Amino acid sequence: MTPAVPAEVEETVARRDLFRRNAQEALVAGEYPKAAELTWGAVAQEWIRAAFFLKKQVIGHCPAKLRDLCSGLAILTGDRYFVDEYNGLGALHNYFYQPTALAAVEVSVPTLMRRADVMIERCEQLIAAHLSPSEPR
C-alpha cells in the first residue's frame, strides 16, 4: 500500500499553478520583480513536490534544502541540468530583493520564466517516470 501524500505536498500543484498564472499577469503588467518572485515560488513548489515523490522527503522552502534537492536530481539523472537551473533560476529570487541582480529585466525575466516552465516540465516527467501506476500523482 502506498503511503498517504502529506497535505503540504498535495497542495503544491495548485500553488505552483496559481503562482505561474499570477506571474504571467505580473509580467503583462510590467511588474518584473513580482513576476520573478512568483515564478521562483512556482519552481520551489515543484521542487518540494519532486522531493517527496522522488526522494520520499518532505522539504520546506529553505534555499539550502532546494539546492541539495537539485544536486540530488543531478546525481539521479546523471545530468547537471537541475544544478544549473537552480543556479540560473535563483536569479529570479535574488532580483526580487536586489534590483541590480538582473540586467535588461524586460528580456531576462521572461526568458527565466520560460526556463522555469521547462524545469517544471522536466520535474513532472521525472516524477511520472518514477511512480508506479498505483501511486498518486
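Thresholds, definitions, all that
- Residues numbered from 1 in each chain as written.
- Predicted model: local features only at pLDDT ≥ 70, side-chain atom pairs only at ≥ 80, totals over all residues.
- Heavy atoms only, no water.
- Helix = DSSP H or I, 4+ residues; strand = E, 2+ residues; numbered from the N terminus.
- Buried < 20%, exposed > 50% of the residue type's maximum accessible area, 1.4 Å probe, protein only.
- Contact = heavy atoms within 4.5 Å.
- Areas by Shrake-Rupley, 256 points an atom, 1.4 Å probe, with all protein chains shown as cover.
- Phe/Tyr/Trp six-rings, centres within 6.5 Å; stacked < 30°, edge-to-face > 60°.
- Lys NZ or Arg CZ within 6 Å of the ring centre and 35° of its normal.
- Core = buried A, V, L, I, M, F, W, Y, C linked by side-chain atoms within 4.5 Å.
- pLDDT = per-residue confidence, 0-100.
- Axes fitted to C-alpha atoms, helices over the stretch in contact; angles between N-to-C directions.
- Parallel < 35°, antiparallel > 145°, perpendicular 65-115°, else oblique.
- Nonpolar A, V, L, I, M, F, W, Y, C, P; charged D, E, K, R; others polar.
- Left-handed = near helix turned anticlockwise from the far one by under 90°.

### Things to note about the overall build of the protein
Right, on to step 1. Within the protein one finds 6 helices and 0 strands.
Right, on to step 2. Going residue by residue from the N terminus, the α and β elements of the protein occur as α-α-α-α-α-α.
Right, on to step 3. Dimensions along the principal axes, computed over C-alpha positions, put the protein at roughly 50 × 30 × 20 Å.
Right, on to step 4. For the protein, buried positions account for 44% of its 137 residues.
Right, on to step 5. Considering only contacts within the protein whose residues lie at least 6 apart along the sequence, 64% involve residues at least 24 apart.
Right, on to step 6. About 7200 Å² of surface is accessible on the protein, with carbon and sulfur atoms providing 57% of the total.

### Quick word on the packing of aromatic side chains
Right, on to step 1. Within this structure, the stated rule accounts for 6 aromatic pairs.
Right, on to step 2. Seen from their ring centres, Phe-96 and Tyr-97 are 4.9 Å apart, and the 85 degrees between their planes marks the pair as edge-to-face.
Right, on to step 3. Ring-pair connections join several aromatic residues into one group, and the members of that group are Trp-40, Trp-47 and Tyr-86.
Right, on to step 4. Directly above the ring of Tyr-81 sits Arg-122, whose terminal nitrogen or CZ lies 3.7 Å from the centroid.

### Notes on the nonpolar core
Right, on to step 1. Formed by 43 residues in total, the largest nonpolar core has its most connected members in Trp-47, Leu-66, Phe-82, Leu-89, Val-109 and Met-119.
Right, on to step 2. Secondary-structure elements contributing two or more residues to this core are helix 2 (12-28), helix 3 (32-55), helix 4 (63-77), helix 5 (81-97) and helix 6 (105-130).
Right, on to step 3. Tallying contributions element by element places helix 3 first for this core, with 14 residues.
Right, on to step 4. Aside from chain neighbours lying at most four places away, what touches Val-109 is Leu-27, Tyr-32, Ala-35, Ala-36, Tyr-95 and Leu-102.

### Regarding the confidence of the model for the protein
Right, on to step 1. In this model, the protein carries an average pLDDT of 90, and 93% of its residues clear a pLDDT of 70 or more.
Right, on to step 2. Within the protein, the lowest mean pLDDT, 83, falls on helix 1 (residues 7-10), and the highest, 96, falls on helix 2.

### Re the packing of helix 4 against helix 5
When two helices pack together, their arrangement is given by the angle between the helix axes and by the axis-to-axis distance.
Right, on to step 1. Packing of helix 4 against helix 5 brings their axes to within 7 Å, and their N-to-C directions diverge by 150 degrees. As summarised for this structure, helix 4 and helix 5 are arranged roughly antiparallel, according to the angle between their axes. Here Pro-63, Leu-66, Arg-67, Cys-70, Ser-71, Leu-73, Ala-74 and Thr-77 of helix 4 come into contact with helix 5, specifically with Phe-82, Val-83 and Tyr-86.
Right, on to step 2. The residue inventory of the contact of helix 4 with helix 5, partitioned by class, reads 8 nonpolar, 2 polar and 1 charged.

### Section: the packing of helix 2 against helix 3
Right, on to step 1. Between helix 2 and helix 3, the least distance of the axes is 8 Å, while the angle of their chain directions is 160 degrees. Comparing their axes, helix 3 and helix 2 come out roughly antiparallel. As for how helix 2 packs across helix 3, the hand of that crossing is left-handed. The residues of helix 3 that touch helix 2, namely those facing Thr-12, Val-13, Arg-15, Arg-16, Phe-19, Arg-20, Asn-22, Ala-23, Ala-26 and Leu-27, are Tyr-32, Lys-34, Ala-35, Leu-38, Thr-39, Gly-41, Ala-42, Gln-45, Glu-46, Ile-48 and Arg-49.
Right, on to step 2. Of the residues belonging to the contact of helix 2 with helix 3, the class tally is 10 nonpolar, 5 polar and 6 charged.

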